[in-house]
Amino acid sequence: MARDTKIWRCGKHTLTFDRPRIMGVLNVTPDSFSDGGEHFDAQAAIDHGLAMLDAGADIIDVGGESTRPGFTPVNADEEAKRVLPVIRALASKGAIVSIDTRHVEVAKAAVRVGASIVNDVTGFTDPKMVEFVKNSNCGVIIVHAGEVSDPPARTRTAVQLDTSAAAFVAERAREAEEEAAAGKGAKRGHGKVLGGKLGIAVQPPLPFGDLPNGSAAADAEAEAAAQAAHAEEDAREVASHEEARVIEQTDQLAAVMRRSARRAEAYVSTSQLRRFTLPDSAPIMRRVMGFLSDQARALMHAGVERERICIDPGAGFGKSANEDVIIQRETAKMASLGYPLMCAVSRKRFVGTVSGVVDAADRDAATFGVCLGAIENGANIVRVHDVAGFAQFLNGFWAVARPQPRRAFVALGSNMGQRLDNIRRARDLIAEIPLTCVSNCSRIYETEPAYETRQSPFANAVIEIKTELAPLVLIDELLDVENRMGRNRTKSAKPNGPRVIDCDLLWMDGETHGGNKLQLPHPKLGERDFVLVPLEDLMHDPARFFRYEGVPVVEPEERIGHVVGELGSM
């Protein structure tokens, strides 16, 4: 919802939900259902993860084991080998990384190298996983993976071999012979009767081969065949149950997904009519919400803070299309539990069912529709494969449907040409950005050059803005301001060298972001005197404010780019 007050604490990060958060799916696997093998190489996975961050993902969910129906389980060592290099690289860019695993050994290693969230598809039913997360500060996602209604049992239809037709014909033949012998039979003719009744000229074929119809031999053969058929079916069922038992003993999740893949076989004939298009929602939601609530309470009882818990009804995990639709329609009920709620439906089978799209990779547009319905009913996080497409979709919807101006701070600096005029012009151009206004300005200060010290002193200021644009959309607008004012971005330009103008997005209300294009809060904010001193004109004690926001702020004597004088007002 637009003004959702829930928060989610994930390690050093705190997510708020004044807007929906996007989780990008990164499968480092050879066999995932829609993108298996595309990002199996570690560098390819890292590049794709960074691209999703730059396209609008707030979280990257990294998984090293496919859990599609009929998947092959992966041992913890192999899974860790796949995911750890990827998690380490993305976390180093400031990203919020989730590890999608059911193995406690993998979760521990992932958190150690930078993951902030443990996404457990088995819903923290493993006591070892509970023990681990209670002793960490990571966020947790409880997933419901299992059947939500009992499939109708297959009933065996009793088969009884019926020889009454053969007995009837034989009896009539004997009666005809007796009548003929007594001289009472009528003369036969075409279309006449046997014994005064309509007869048949040819005996119908019977299911006993060459054996005499209705004989004791026929009955014995039929009984033996029936017993053999029953024995064979019983043997198949015993084998099937034994296979299921072995699977459940070795890997319960694999068993659930195997049953999900075969579930259609368990239903009775479609000749049984139903009065409604979907099953009753009450028993389904009791199972899903009951499990999620129970597991959340169990985690809190173990010592996991409530603000660290997120819930996910587990679309596709042991559920039919009908059940998945019911669960999505009841999103508001799940949101009322009070935990951040995940909508993880991307490209799932039921999305293909309701949209008529067979190929999983082509289901993104339908995914967006289902996600929008979930967001409107209270979902806080959407887990998608096509981050760029969904970010565009969400930004367009949110700008029109959810008026939501948020505060942000932008640092301005110049040491070329007319420095003060450059800063004032940049301020005016920022004020012209759509859905954005400049609400306050600091004074302009003269500062020592930072990082690259062999250059002219800078003029620096900070402006406070209000904007309804998403952070990555706003940063594009700020880069456009720099380009319009002639900033040199060729290879010859030094990264921290002289510049006509520099526009840095420092902080934005409720936003945490990582990646190459944008990191929020600005990773160097706490060490820059030329930023913190102008901020004192706009807020009381900025060092204390940003420390509370989780930004390390160093003492004044340890900062770089010290303020040496005041140049005037904006």
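Please refer to the structure placed before this passage.
Residues numbered from 1 in each chain as written. Predicted model: local features only at pLDDT ≥ 70, side-chain atom pairs only at ≥ 80, totals over all residues. Heavy atoms only, no water.

K.L.:
Even after reading the chapter, I still don't get the overall build of the protein, so can you show me in this structure?
P.N.:
Scanning the protein from terminus to terminus reveals 17 helices and 18 strands. When burial is assessed residue by residue, the protein has 47% of its 570 residues classed as buried. Pairs at least 24 residues apart make up 72% of the contacts formed inside the protein by residues separated by at least 6 positions. Summed over all atoms, the accessible surface of the protein reaches about 28,200 Å², with 52% contributed by carbon and sulfur. (Helix = DSSP H or I, 4+ residues; strand = E, 2+ residues; numbered from the N terminus. Buried < 20%, exposed > 50% of the residue type's maximum accessible area, 1.4 Å probe, protein only. Contact = heavy atoms within 4.5 Å. Areas by Shrake-Rupley, 256 points an atom, 1.4 Å probe, with all protein chains shown as cover.)

K.L.:
Looking at this structure, I do not really get unusual backbone geometry. What am I missing?
P.N.:
Most of the time, phi is negative for any residue but glycine, and the peptide bond is trans. The omega angle of the peptide bond from leucine 520 to proline 521 is -10°, so this bond is cis rather than trans. Even without being a glycine, tyrosine 451 presents a positive backbone phi close to 70°. The exposure class of tyrosine 451 is partly exposed, given its relative accessible area of 33%. Not every positive phi belongs to a glycine, and aspartate 541 is a case in point at roughly 55°. Within the secondary structure layout, aspartate 541 lies in the loop between α16 (529-535) and α17 (542-548).

K.L.:
Sorry if this is basic, but what is going on with the pattern of salt bridges here?
P.N.:
Enumeration over the complete set of coordinates arrives at 32 salt bridges. Residues arginine 402 and glutamate 376 are paired through a salt bridge, measuring 2.5 Å at the closest nitrogen-oxygen approach. A residue pair is termed long-range when its members are at least 10 positions apart, and arginine 402 in the loop between α13 (387-401) and β13 (406-414) and glutamate 376 in helix α12 (residues 364-376) qualify at 26 residues. Given the relative accessible area of 19%, arginine 402 is considered buried. Linking arginine 419 and glutamate 446 is a salt bridge whose minimum nitrogen-to-oxygen distance equals 3.1 Å. With arginine 419 in helix α14 (residues 419-431) and glutamate 446 in strand β15 (residues 444-447), this residue pair connects regions lying 27 residues apart in the sequence. A single salt-bridge network, built from bridges that share partners, covers Asp18, Arg19, Arg21, Asp58, Arg406 and Glu511. (Salt bridge = Lys/Arg side-chain N within 4 Å of Asp/Glu carboxyl O.)

K.L.:
Sorry, what's going on with the side chain of arginine 383 here?
P.N.:
Tracing the backbone shows arginine 383 in strand β12 (residues 381-384). Here the side chain of arginine 383 touches aspartate 100 through a polar contact of 3.4 Å, side chain to side chain. Contacts of arginine 383, omitting those with residues within four sequence positions, involve Met23, Val25, Asp61, Asp100, Asn119, Met342, Cys343, Ala344, Val345 and Ser346. (Polar contact = N/O pair within 3.5 Å; in protein donor to acceptor, adjacent residues only side chain to side chain.)

K.L.:
Can you help me understand the packing of aromatic side chains in this one?
P.N.:
Any aromatic ring pair is given by two values, namely how distant the centres are and how the planes are angled relative to each other. One pass over the full model with this rule turns up 8 aromatic pairs. Within the aromatic cluster, the residues linked to one another by ring pairs are Phe409, Trp507, Phe545 and Phe546. Taking NZ or CZ as reference, lysine 524 lies 4.7 Å from the ring centre of tyrosine 451, over its face. (Phe/Tyr/Trp six-rings, centres within 6.5 Å; stacked < 30°, edge-to-face > 60°. Lys NZ or Arg CZ within 6 Å of the ring centre and 35° of its normal.)

K.L.:
Honestly, the packing of helix α2 (residues 76-92) against helix α3 (residues 104-112) in this entry has me stumped. Any pointers?
P.N.:
In a packed pair of helices, the relevant descriptors are the angle between the two axes and the axis-to-axis distance. Contact geometry of α2 with α3 gives a least axis separation of 9 Å together with a crossing angle of 20°. As judged from the angle between their axes, α2 and α3 are roughly parallel. Helix-helix and strand crossings are classified by hand; for α2 and α3 the assignment is right-handed. Judged by residue contacts, Ala76, Glu79, Ala80, Val83, Leu84 and Ile87 of α2 engage Glu105, Val106, Ala109 and Ala110 from α3. Of the residues contributing to the contact of α2 with α3, the split by class is 8 nonpolar, no polar and 2 charged. (Axes fitted to C-alpha atoms, helices over the stretch in contact; angles between N-to-C directions. Parallel < 35°, antiparallel > 145°, perpendicular 65-115°, else oblique. Left-handed = near helix turned anticlockwise from the far one by under 90°. Nonpolar A, V, L, I, M, F, W, Y, C, P; charged D, E, K, R; others polar.)

K.L.:
How do you make sense of the sheet that holds strand β11 (residues 342-343) when you look at a structure like this?
P.N.:
Two strands in a sheet stick together by hydrogen bonds in their backbones, pointing the same way (parallel) or opposite ways (antiparallel). Strand order in the open sheet made by the 8 strands is β10-β7-β6-β5-β4-β3-β12-β11, with parallel pairing throughout. The sheet terminates laterally at β10 (309-312) and β11, the two strands that pair on one side only. Two elements, strand β4 (residues 59-63) and strand β5 (residues 96-100), share 5 bridges in a ladder whose sense is parallel. Counterpart to isoleucine 59 in the pairing with β5 is isoleucine 96. Each of β11 and β12 is contacted by α12, which is oriented at about 170° to β12, the strand it contacts most. (Pairing = 2+ DSSP bridges.)

K.L.:
Would you explain helix α8 (residues 281-302) in this entry?
P.N.:
Given 3.6 residues per turn, any residue in an α-helix points the same way as the ones three and four places further on. Here α8 spans 31 Å end to end across 22 residues, near enough to the 32 Å set by a 1.5 Å rise per residue. If you check which residues of α8 are buried, you get Ser281, Ile284, Met285, Val288, Met289, Leu292, Ser293, Gln295, Ala296 and Leu299. Here the buried residues of α8 occupy an arc of 160° about the axis, which is enough to place them on one side. Exposed residues lying more than 90 degrees from the buried face of α8 are Arg286 and His301. Where α8 is buried, its residues touch α4 (127-134), β7 (139-143), β10, α9 (321-329) and α10 (331-335). Sitting at the amino-terminal end of α8 is aspartate 280, which places a side-chain oxygen 3.3 Å from the backbone nitrogen of alanine 282. Just downstream of α8, glycine 303 is the residue with a positive phi angle, here 120°. (Expected span 1.5 Å × (residues − 1). Arc of directions from axis to C-beta.)

K.L.:
Help me understand the pairing of β10, please; the structure alone is not making it clear to me.
P.N.:
A regular strand places its side chains so that they alternate between the two faces of the sheet. Both faces of β10 are covered, namely the face carrying Ile309 and Ile311 and the face carrying Cys310 and Asp312. Bridging between β7 and β10 involves 4 bridges; their strand directions are parallel. Within β10, the position partnered with valine 143 by the bridge is aspartate 312.

K.L.:
I keep staring at the state of the cysteines and nothing clicks. Help me out?
P.N.:
Covalently bonding the sulfur atom of one cysteine to the sulfur atom of another cysteine gives a disulfide. Taken as a whole and judged by the stated rule, the model has 0 disulfides. Cysteine cysteine 138 remains unbridged, with the sulfur of cysteine 10 as its closest cysteine sulfur at 8.4 Å. (Disulfide = S-S within 2.5 Å.)

K.L.:
What is the right way to look at the environment of glycine 318 in this model?
P.N.:
Structurally, glycine 318 is set in the loop between β10 and α9. Classification of glycine 318 as buried rests on a relative accessible area of 0%. Taking the C-alpha atoms as reference, glycine 318 lies 4.7 Å from glycine 146; in sequence the two are 172 residues apart.

K.L.:
For this particular structure, what's the right way to read empty space enclosed by the protein?
P.N.:
Over the atoms a probe the size of a water molecule is rolled, and this reveals where empty space is left. Applying the stated criterion to the full structure yields 1 cavity of 30 Å³ or more. Taken as a whole, the largest cavity holds about 40 Å³ of empty space. Lining the largest cavity, in full, are Pro313, Gln328, Thr331, Met334, Leu341, Met342, Cys343, Ala374 and Ala379. Among the secondary structure elements, those contributing two or more residues to the lining of the largest cavity are α10 and β11. Taken together, the residues of the lining of the largest cavity break down into 7 nonpolar, 2 polar and no charged. (1 Å grid on protein atoms, 1.4 Å probe; cavity = no way out; pocket = protein on both sides within 12 Å on 5 of 7 lines; lining within 4 Å. Points joined across faces, edges and corners; volume = space filled by probe spheres on them.)

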